[in-house]
Amino acid sequence: MRAMREAFAETANDLVEADDRVAIVLADISRTMFARAVRHAPLRVINVGIAEQSMVGVAAGFAMEGFHPIAHSLSPFLAERPYEQIKLDFGYQGLGGSFVGSGGSYDYAGEGATHHSPGDASLMLAIPRVQVLVPGHGDEVDRLLRATYANGQPTYIRTSLATNDESHVVAPGRLEVIRHGSGATVVAFGPMLSRTLEATVHLDATVVYATSLEPFDRVALRALARETPDVIVVEPWYEGTAAPVIASTFPDTPVRTRFIGVPRRFIHSYGTWRDLDTELGLDAAGIRARL
Amino acid sequence: MGTSTDPLSHVRVLMARATGDEKHEESTTSSLDALWVLYDRILRIDPAHPMAEDRDRFILSKGHGPASLYAILAAKGFFPPDRLDSFLEHDGILGSHPDRLRVPGIEASTGSLGHGMALAVGVALALRAKGQTDQRVIVLTGDAELNEGSNWEAVMLAPILRLGALTWLIIDNHSSSLPMGPWDAWLAPFGWDVHVVDGHDLDLLEAALATRHEEQPVAVVADIPRGEW
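Residues numbered from 1 in each chain as written. Chains lettered and ligands numbered in written order. Predicted model: local features only at pLDDT ≥ 70, side-chain atom pairs only at ≥ 80, totals over all residues.

(A) Representation of unusual backbone geometry in the model. Residue P215 of chain A is bonded to the preceding E214 of chain A through a cis peptide linkage, with omega at 5 degrees. Take P215 of chain A: it is sitting in the loop between β10 (212–214) and α9 (218–224). Here G181 of chain B and P182 of chain B are connected by a cis peptide whose omega angle stands at 10 degrees. Relative to the elements of secondary structure, P182 of chain B occurs in the loop between β3 (166–172) and α6 (183–187). Even without glycine at this site, D28 of chain A takes up a positive phi of about 75 degrees. Its place among the elements puts D28 of chain A in the loop between β1 (22–26) and α2 (35–40). (Helix = DSSP H or I, 4+ residues; strand = E, 2+ residues; numbered from the N terminus.)

(B) Inspection of the interface of chain B and chain A at higher detail. Contacts between the two partners involve 22 residues from chain B and, on the opposite side, 24 residues from chain A. With 11 residues, helix α4 (residues 116–129) of chain B is the largest single contributor of residues to the side of chain B that touches chain A. Among the residues making up the side of chain B that touches chain A, the classes are represented as 13 nonpolar, five polar and four charged. (Contact = placed C-beta atoms within 7 Å. Nonpolar A, V, L, I, M, F, W, Y, C, P; charged D, E, K, R; others polar.)

(C) Spatial organisation of the domain arrangement of chain A. Residues and elements named next belong to chain A. As far as domains go, chain A holds domain 1 (4–158) and domain 2 (175–290). Here the C-alpha centre of domain 2 lies 25 Å away from the C-alpha centre of domain 1. At the interface, 24 residues of domain 1 touch 23 residues of domain 2. Elements represented by at least two residues in the side of domain 1 that touches domain 2 include exactly α6 (120–125), β5 (131–133) and α7 (138–148). Looking at the side of domain 1 that touches domain 2, the element that brings in the most residues is α6, giving four residues. Tallied by class, residues from the side of domain 1 that touches domain 2 come to 12 nonpolar, nine polar and three charged. (Domains from an automatic or database assignment.)

As structure tokens, this is what we get:
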């Protein structure tokens, strides 16, 4: 199975070769992964050094000239440090570009909370026009990036080390029904799907898969929850991040909602992302216990 | 100033129509001469086609005090002068920080300080990638704006990337609460070709702003002593 970061690099290299309006802007992170793009079009692959505000500003400069820029770094240094550049240089200016973050929420657990970003999706949601996508498999990174890189909107694609067991034919703004049941509807975002399926195997629940937080398929979820107005969200970022999206899905229907995600506290322990999943109740056993 | 021999007298008349941003008056007036030189003598931009591919690009990084820029754009025919009468008004297009989606001739939406340098570097790189080697990119910052650290990432970057298309115009009206400069000692080691000139001398400004090298970016500091805004 391809890791998401490698899948992203492969697709980005492909896009540079296939579309002369694609530019990659880096801030040192992953700089060796784009050799193919550099060989093909060295003027469209720029490493600005460890300078994330410039990375996003430079990417916006490319967008002002009609390019489809792709900026990439670890999630905290892409979504948080240059947040105002994404908000103003892209959002306010009406420009489009791809922001591909790796490492969310705490993949690099040994590095500590400076390298965590469970708040990234909330931040991105707060910027009008931004799409927030969360693939759960390397092949889905490829599909989502190809589907959105030239869409004229800022698009945040959140990749992680954690992946699902298999990929799905995903698209922005679409829910996939993975398992039908007559009870609650469980919405699993991105890399939470496989563990959610395992955690809910004993339940008569519908399990749907979302790789798109914004746009979100509100019509489909409304239809699924019509009979049993009980929605459980399993999310890979701060729990409750999807709450505004779910709330706006049911503007005039009482629905019971629960959110299972990363607790809103700083993490002061280390190990691997799997260790933190266990600590925070986000492995299959933890999710089952929190249902 | 304001005499019949003043080449900018018609611009000053236009600028007087854009009222309500007096808190940025020093920023507005201290930029006027350099902006006039840019639009009258340096930049190749057709007001009838302000987004033409072969234009030079100008980015007002500081965003503050844009009434002088608006007046010049109106004088040059980018939009009708009566737009100046609705400056800051709800039914107007001209805010106290410019919006590229509303104002013809405005290249970038700015106002939060420290964004324009990186945008300009990106535009210069994009022009290079498109093979548009003749076009120039000129970015204007204030001296106080340069307190923002984000500028310095891009200031360091531009010479390393050999962006000869890039010119950085600093309006040094000594408004920074931190002492800034001396500019040559500060910027030359980064790799910039630094020119410090009288910010009210149109000919000296023109000579400095006309400087362009193949690979080395140029910094033009328009010095405006306090009280001569």
